[in-house]
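Overview (structure and organization)
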Amino acid sequence: MEKLLITGIAGGQGRLVARLAAGGWDICGVDRDQMVAFNDGTQVRVYAVDLLKRKFEDVFRHERPKAVIHLAFVRHFRTSLEQRHEVNVLGTKHLLDYCANYGVRQLTVLSSAYVYGALADNPSYMDEDSPLNVSRNYPEVRDLAEVDALCSTFLWQHPEVRTTILRPVNTLGDSVHSAIGRYLRLRYVPMLMGFDPILQFIHEQDLARALLLSVDRQLRGVYNVAGPGAVPLHVAIRETGGSPLTLPESLARPFVRRLFRLGLYPFPPGAIDFIKYPCTVSDRRLRAATGFEPKWNLHDIFAQLRVEQERAPA
């Protein structure tokens, strides 16, 4: 079997992809965190290395993977913006260099539909050619747009490496600690008075399938991953067991800004735009190229989170 290298393999999404790929690939992975062994016998070789250290290149030199799935990103805000930039942008730059230098033939990078930004004039169901506007109102995640742009440039500069950039919508599941998951797990879920945007969701297992499918089908280009459908924000809150807390925007933004600075709230004020304006995408390109269809419907996605909420201690 050919070798597949997964960065960020110790995370929830990395473990899902590794388990799914185990039957057809010889899997190795890198992660800064200690990885718990699979309880189902899935065999992987894991290197505890930092993407910014020279030992990361040693993994490429030793393993010579034919395919890479890049998931090693800092998505939370517990670290400084400088650290996020180093890991996400500089770490990705190192990875791209090693892919070009060590014979990688297929590369898939997990980006996000957030890169389009949530703006009042967003069209419905944006395609992959839409501008990446997230930095305009949400500067704390400009590194996501930088990574996406960096990989898009690499795609054209290195045609010998078939490069795929996947931009999934909000991801939910019991393994992946996404921003939308943390938001919907709040006991009282804030909404802005007068706003109820349409949101899209995909289950973590379906996203793992899309990631591996992009490698197996040797895709090249940028693809949105949209999931099974879309609902208004208040429906998502209700169906996941939360209680909406409606606030005027004039109160919500300074309140969130202060709490975020004090480390008492997990999201910076720029995130508010994603519960104010829609950011919906079309996945026609991915479905046409691969026939991808999500297996999880919205009812089951929300039900899983609701059950998890009910089991959590009060």
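Above this note sits the structure.
Residues numbered from 1 in each chain as written. Predicted model: local features only at pLDDT ≥ 70, side-chain atom pairs only at ≥ 80, totals over all residues. Heavy atoms only, no water.

**A word on the sheet that holds strand S3 (residues 45-48)**
- Spatially, the seven strands line up as an open sheet ordered S3-S2-S1-S4-S5-S6-S10, and their pairing is parallel. One side of each edge strand has no neighbouring strand; the edge strands of this open sheet are S3 and strand S10 (221-225). Each neighbouring strand pair of the sheet contributes to a mean axis angle of 15 degrees, computed without reference to strand direction.
- Two elements, strand S1 (residues 3-7) and strand S2 (residues 26-31), share five bridges in a ladder whose sense is parallel. Each residue of the ladder has a partner; that of Thr 7, found in S2, is Val 30.
- Packed onto the sheet, helix H1 (residues 12-21) meets S1, S2 and strand S4 (67-70) and runs at close to 165 degrees relative to S1.
- Contacting S1, S2, S3 and S4, helix H2 (residues 54-63) crosses the sheet at an angle of about 170 degrees to S1. (Pairing = 2+ DSSP bridges. Helix = DSSP H or I, 4+ residues; strand = E, 2+ residues; numbered from the N terminus. Axes fitted to C-alpha atoms, helices over the stretch in contact; angles between N-to-C directions. Contact = heavy atoms within 4.5 Å.)

**Some thoughts on the nonpolar core**
- Core analysis: the largest hydrophobic core is formed by 74 residues, its most contacted members being Tyr 183 and Phe 201.
- In terms of residue count, the dominant contributor to this core is helix H7 (residues 204-216) (seven residues).
- Setting aside residues no more than four positions away along its own chain, Tyr 183 makes contact with Val 189, Pro 190, Met 191, Leu 233, Ile 237, Phe 267 and Ile 275.
- Of all hydrophobic cores here, the second largest spans 26 residues; its members include Val 68, Tyr 98, Val 109 and Cys 151. (Core = buried A, V, L, I, M, F, W, Y, C linked by side-chain atoms within 4.5 Å. Buried < 20%, exposed > 50% of the residue type's maximum accessible area, 1.4 Å probe, protein only.)

**As for the packing of aromatic side chains**
- Scanning the entire structure with this criterion turns up nine aromatic pairs.
- Ring centres 4.9 Å apart and planes at 45 degrees place the aromatic pair Tyr 114 and Phe 274 in the tilted group. Residue Tyr 114 is located in the loop between strand S5 (106-110) and helix H4 (134-137), and its partner Phe 274 is located in the loop between helix H9 (249-261) and helix H10 (284-290); the two are separated by 160 residues in the primary sequence.
- Overall, the relative accessible area of 22% leaves Tyr 114 in the partly exposed class.
- The exposure class of Phe 274 is buried, given its relative accessible area of 13%.
- Against the face of Trp 156 rests Arg 220, its NZ or CZ located 5.0 Å from the ring centre. (Phe/Tyr/Trp six-rings, centres within 6.5 Å; stacked < 30°, edge-to-face > 60°. Lys NZ or Arg CZ within 6 Å of the ring centre and 35° of its normal.)

**Digging into H1**
- A large share of H1 lies buried, amounting to seven of its 10 residues.
- Turning to H1, its buried residues number three or more, namely Gln 13, Gly 14, Arg 15, Leu 16, Val 17, Ala 18 and Ala 21.
- Tucked inside the fold, the buried residues of H1 contact S1, S2, S4, strand S7 (170-172) and H7.

**Thoughts on the pairing of S1**
- With four of five residues buried, S1 is to be regarded as a mostly interior element.
- For the handedness criterion, the β-α-β arrangement of S1, H1 and S2 is classed as right-handed.
- With four bridges connecting them, S1 and S4 associate as parallel partners. Bridging across to S4, Thr 7 finds its partner in His 70. (Right-handed = clockwise from strand over helix to strand, strands pointing away.)

**Observations concerning the pairing of S5**
- In terms of residue burial, S5 counts as a mostly covered element, since five of its five residues are buried.
- The alternating pattern of S5 places Gln 106, Thr 108 and Leu 110 on one face and Leu 107 and Val 109 on the opposite face, and all of these are buried.
- Examined bridge by bridge, S4 and S5 share four bridges and lie parallel to one another. Across the sheet, the residue bridging to Val 68 is Leu 107, located in S5.

**What to know about H2**
- All of the buried residues along H2 are Phe 56, Glu 57, Val 59, Phe 60 and Glu 63. Down the axis, H2 shows its buried residues gathered within 145 degrees of arc, on one side only. Away from its buried face by more than 90 degrees, H2 exposes Arg 54, Lys 55 and His 62.
- Taken together, the buried residues of H2 touch S1, S2, S3, S4 and helix H3 (81-101).
- Directly after H2, the chain includes Arg 64, whose backbone phi takes a positive value near 50 degrees. (Arc of directions from axis to C-beta.)

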